[in-house]
Amino acid sequence: MYAEVAGFYARQMRRLDEGDAEGWAATFTDDAVCRISTRPEPLRGRAALTEGARAATAAGAAAGEQRRHMTGMFDIEERPGGLLRVRANTIVYATDARGRSRVHQVCTCTDILVRAAGPRRGLLVRDRRIDVDGA
Amino acid sequence: MYAEVAGFYARQMRRLDEGDAEGWAATFTDDAVCRISTRPEPLRGRAALTEGARAATAAGAAAGEQRRHMTGMFDIEERPGGLLRVRANTIVYATDARGRSRVHQVCTCTDILVRAAGPRRGLLVRDRRIDVDGA
Amino acid sequence: MYAEVAGFYARQMRRLDEGDAEGWAATFTDDAVCRISTRPEPLRGRAALTEGARAATAAGAAAGEQRRHMTGMFDIEERPGGLLRVRANTIVYATDARGRSRVHQVCTCTDILVRAAGPRRGLLVRDRRIDVDGA
């Protein structure tokens, strides 16, 4: 299960780093809610998540930076109904066009994951709460 | 075993980041020794470990920073008597009240872990050596 | 398999950080190719890889820095013929003699791994492509 969870986050975050906003949003359930401590309102549903990912990519481009997510420190708990509660940390790095890198953000994350069947088989995020350090 | 070890470090380090000094110290055996390259003397036993964690939290607060540990690069070896020797790297991040993040410390760690029975069932650290880069 | 792959990278990168250029090169097949986005030509074969690792260690020493690699975000795919394709991210940290740490490089990595038999039993890299952000 550890491998399944770690692989899920690796693929999910890579889509974000590669600017694949729709592919990233597709790793959430249709009715997913994503609360971010830096935003007044949660993102609800696929369209809002896609838009949120596009805005993040645009912010990186406007800053002239490549953003890169590293997620780890997984604490995985099985919950009734086949759910998983995952706590994790994510570090966001930023690199400018001259190759200078820095730590952009330090985040802690609490997710509820479900196992989907059918064409989108595998893990999906149903609920995410992101707390950005210093915000 | 990889999942067990990685989950142990995730929960242990999260206690430190959340300021739970006693909870962090409880992840060591009663007679544990923790050697840190930046300290002249090792920390020996539960009370000293609790005090060490409190001092680390106080140092972060005094600097106006949230500290966050990310441990990874696990190299796990089974040893006779059910012991595990784990080598790992830990990066400590620091974020100030304005949300500016940086790398605080880069550490390499060599631990001897034991499997405890009873109420504190699971892995515990019996011996830890932390080398802080540049110190 | 996740544990095997993660342990392989932990040991491989630790050799680089400890200045063991030959030990690092020995984690590649004899005919391995390593393409790095910051170099005009790929490194081909054991001697070139050893030389490349020595040059990296020398560059760190010349800068008065300890370099440290953290690899994670593993996305592992089994390929025909017992091969593994692994995508991963590597962050390189640098710490100077006064203990000040920073992010040196952010890299994405795509590897083809093979399983070796005999004295060098275990995983070996046959093909590596490293893209350094901002380069």
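For chain A, the name recorded in an unreviewed UniProt entry is SnoaL-like domain-containing protein, with Streptomyces mutabilis as its organism.

Undergrad: I tried to follow the packing of aromatic side chains on my own but got confused; where do I start?
TA: Ring pairs (aromatic) are described by centroid distance and by the angle formed between their planes. Residue and element names in this part refer to chain B. All told, the structure shown has 15 aromatic pairs over all chains when counted by the stated rule. Ring geometry for Tyr 9 versus Phe 74: centroids 5.2 Å apart, planes at 40°, classification tilted. Of the two residues, Tyr 9 is situated in helix α1 (residues 2-17) and Phe 74 in strand β3 (residues 65-79); the sequence distance between them amounts to 65 residues. When its relative accessible area of 0% is taken as the criterion, Tyr 9 is described as buried. By relative accessible area, Phe 74 is classed as buried at 4%.

Undergrad: For this particular structure, what's the right way to read the interface of chain C and chain A?
TA: Many descriptions give the size of an interface as the accessible area lost when the pieces come together. Listed as interface residues are 18 residues of chain C and, on the opposing side, 24 residues of chain A. A buried area of about 1600 Å², summed over both sides, lies between chain C and chain A, and 58% of it is on carbon and sulfur atoms. Of all residues in chain C, the largest losses of buried area upon contact with chain A belong to C:Tyr2, C:Met73 and C:Asp133, amounting jointly to 37% of the total for that side. With a shortest N-O distance of 3.0 Å, A:Arg11 and C:Asp75 are connected by a salt bridge. The interface formed by chain C and chain A holds six residue pairs in polar contact (both at pLDDT 80 or more) in total. Of all the secondary structure elements, the ones that give two or more residues to the side of chain C that touches chain A are β3 (65-79), β4 (83-96) and β5 (101-116) of chain C. When grouped by side-chain class, the residues that make up the side of chain C that touches chain A number nine nonpolar, six polar and three charged.

Undergrad: Help me understand the sheet that holds strand β4 (residues 83-96) of chain A in this model?
TA: Residues and elements named next belong to chain A. Pairing within the open sheet is mixed, and its six strands lie in the order β2-β1-β6-β5-β4-β3. Edge strands, defined here as strands with exactly one partner in the open sheet, are β2 (43-44) and β3 (65-79). Relative to strand β6 (residues 122-132), strand β1 (residues 28-36) runs parallel, the two sharing five bridges. Bridge pairing links Arg 35 to Arg 129 in β6.

Undergrad: Teacher, can you tell me more about the relation of the copies chain B and chain C here?
TA: The relation between the two copies of this chain is a rotation about an axis and a shift parallel to it. When chain B is fitted to chain C, the residual RMSD is 0.0 Å, and the transformation amounts to a turn of 120° plus an axial shift of 0.0 Å. Expressed as an axis order, the relation between the two copies is that of a three-fold axis.

Undergrad: In this structure, what is going on with the interface of chain B and chain C? I would like to understand it.
TA: Across the boundary between the two partners, chain B contributes 18 residues, which contact 24 residues of chain C. For the pairing of chain B and chain C, the buried interface totals around 1600 Å² over both sides, and the portion due to carbon and sulfur atoms is 57%. Interface area lost by chain B to chain C is led by B:Tyr2, B:Met73 and B:Asp133, which between them contribute 37%. Summed over the shared surface of chain B and chain C, the result is three salt bridges. There are six residue pairs in polar contact (both at pLDDT 80 or more) connecting chain B and chain C. Counting only elements with at least two residues in the side of chain B that touches chain C, the list comes to β3, β4 (83-96) and β5 (101-116) of chain B. Here the side of chain B that touches chain C is composed, by residue class, of nine nonpolar, six polar and three charged.

Undergrad: What is the right way to read the pairing of β5(B) from this model?
TA: Residues in a regular strand point their side chains to alternate faces of the sheet. Residue and element names in this part refer to chain B. Counting buried positions along β5 yields 13 of 16 residues, so the element is predominantly enclosed. Across 12 bridges, the pairing between β4 and β5 is antiparallel. Looking across to β5, one finds that Leu 84 is bridged to Leu 113. Between β4 and β5, which follow one another and run antiparallel, lie four residues, and Gly 99 among them has a positive phi close to 85°. Sheet topology places β5 next to strand β6 (residues 122-132); 10 bridges connect them, and they run antiparallel. Each bridged residue has a counterpart across the sheet, and for Thr 108 the counterpart in β6 is Asp 131.

Undergrad: When you look at α1(B) in this model, what are you seeing that I'm missing?
TA: Helical periodicity: at 3.6 residues per turn, an α-helix aligns residues three or four positions apart in one direction. All names here are of chain B. Across its 16 residues, α1 extends 23 Å between first and last C-alpha, which sits within 8% of the 22 Å expected from 1.5 Å per residue. When we look at burial in α1, the residues that qualify are Tyr 2, Val 5, Ala 6, Gly 7, Phe 8, Tyr 9, Ala 10, Gln 12, Met 13, Arg 14, Leu 16 and Asp 17. Directly after α1, the chain includes Gly 19, whose backbone phi takes a positive value near 75°.

Undergrad: Sorry if this is basic, but what is going on with unusual backbone geometry here?
TA: Note: most residues except glycine have negative phi, and most peptide bonds are trans. For A:Met73, which is not glycine, the phi torsion reads 60° and is therefore positive. Along the chain, the position of A:Met73 falls in strand β3.

Undergrad: Any chance you could explain empty space enclosed by the protein here in plain terms?
TA: Leftover empty space is mapped by rolling, across the atoms, a probe with the size of a water molecule. Here the structure, examined in full by the defined rule, presents two cavities of 30 Å³ or more. The space that makes up the largest cavity amounts to roughly 390 Å³. Along the walls of the largest cavity sit 28 residues, with A:Thr71, A:Gly72, B:Gly72, C:Thr71 and C:Gly72 positioned nearest its centre. Contributing elements (two or more residues each) for the lining of the largest cavity: α1 (2-17), β3 and β4 of chain A, α1 and β3 of chain B together with α1 (2-17) and β3 of chain C. Taken together, the residues of the lining of the largest cavity break down into 21 nonpolar, seven polar and no charged. What the second largest cavity holds in volume is close to 30 Å³. B:Met73, B:Asn89, B:Thr108, C:Ala10, C:Met13, C:Arg14, C:Asp17, C:Arg68 and C:His69 together form the lining of the second largest cavity. Looking at the lining of the second largest cavity, the elements with two or more residues in it are α1 and β3 of chain C. For the lining of the second largest cavity, the element with the highest residue contribution is α1(C), accounting for four residues. Here the lining of the second largest cavity is built from residues that sort into three nonpolar, three polar and three charged.

Definitions and limits used
- As a convention, each chain's residues are numbered from 1 in the sequence order in which they are written.
- Chains and ligands are labelled by the order in which they are written, letters from A for the one and numbers from 1 for the other.
- At least 70 in pLDDT is required for a residue's local features to be given in this predicted model, at least 80 for side-chain atom pairs to be given and counted, and no such filter applies to totals for whole chains, interfaces and linings, which use all residues.
- The basis for every side-chain value is the complete set of heavy atoms in the structure, and neither hydrogens nor water enter the calculation.
- Each pair of aromatic rings taken from Phe, Tyr and Trp, with Trp reduced to its six-membered ring, is defined by centres within 6.5 Å and is described as stacked if the planes are under 30 degrees apart, edge-to-face if over 60, and tilted in the remaining cases.
- Working definition: helices are DSSP H or I runs of at least four residues, strands are E runs of at least two. Numbering for both runs from the N terminus.
- The rule is simple: take the accessible area with a 1.4 Å probe, protein chains only, and divide by the maximum for that residue type; under 20% is buried, over 50% is exposed, in between is partly exposed.
- Contacts between residues were defined by any pair of non-hydrogen atoms, one from each residue, lying within 4.5 Å.
- Summed over both partners, buried area is the accessible surface (1.4 Å probe) that two parts give up on being assembled.
- Counted as salt bridges are all cases of a side-chain nitrogen of Lys or Arg within 4 Å of a carboxyl oxygen of Asp or Glu.
- Polar contacts, as counted here, are pairs of nitrogen or oxygen atoms within 3.5 Å of one another; within protein the pair requires one atom able to donate a hydrogen and one able to accept it, and residues that are adjacent in sequence qualify only if both atoms are side-chain atoms.
- Each residue is assigned to one of three groups, with Ala, Val, Leu, Ile, Met, Phe, Trp, Tyr, Cys and Pro labelled nonpolar, Asp, Glu, Lys and Arg labelled charged, and all others, Gly among them, labelled polar.
- Here, strands pair whenever DSSP counts at least two bridges between them.
- Superposition of the copies used a least-squares fit over C-alpha atoms from residues whose pLDDT is at least 70 in both.
- An expected span of 1.5 Å times one less than the residue number is assigned to each helix.
- Residues are said to line a cavity or pocket when one of their atoms sits within 4 Å of a point; the points come from a 1 Å grid over protein atoms alone, cavities being sets where a 1.4 Å probe fits but cannot get out and pockets being open sets with protein on both sides within 12 Å along at least five of seven lines.
- Grid points are joined across faces, edges and corners, and a volume is the space filled by probe spheres set on the points.

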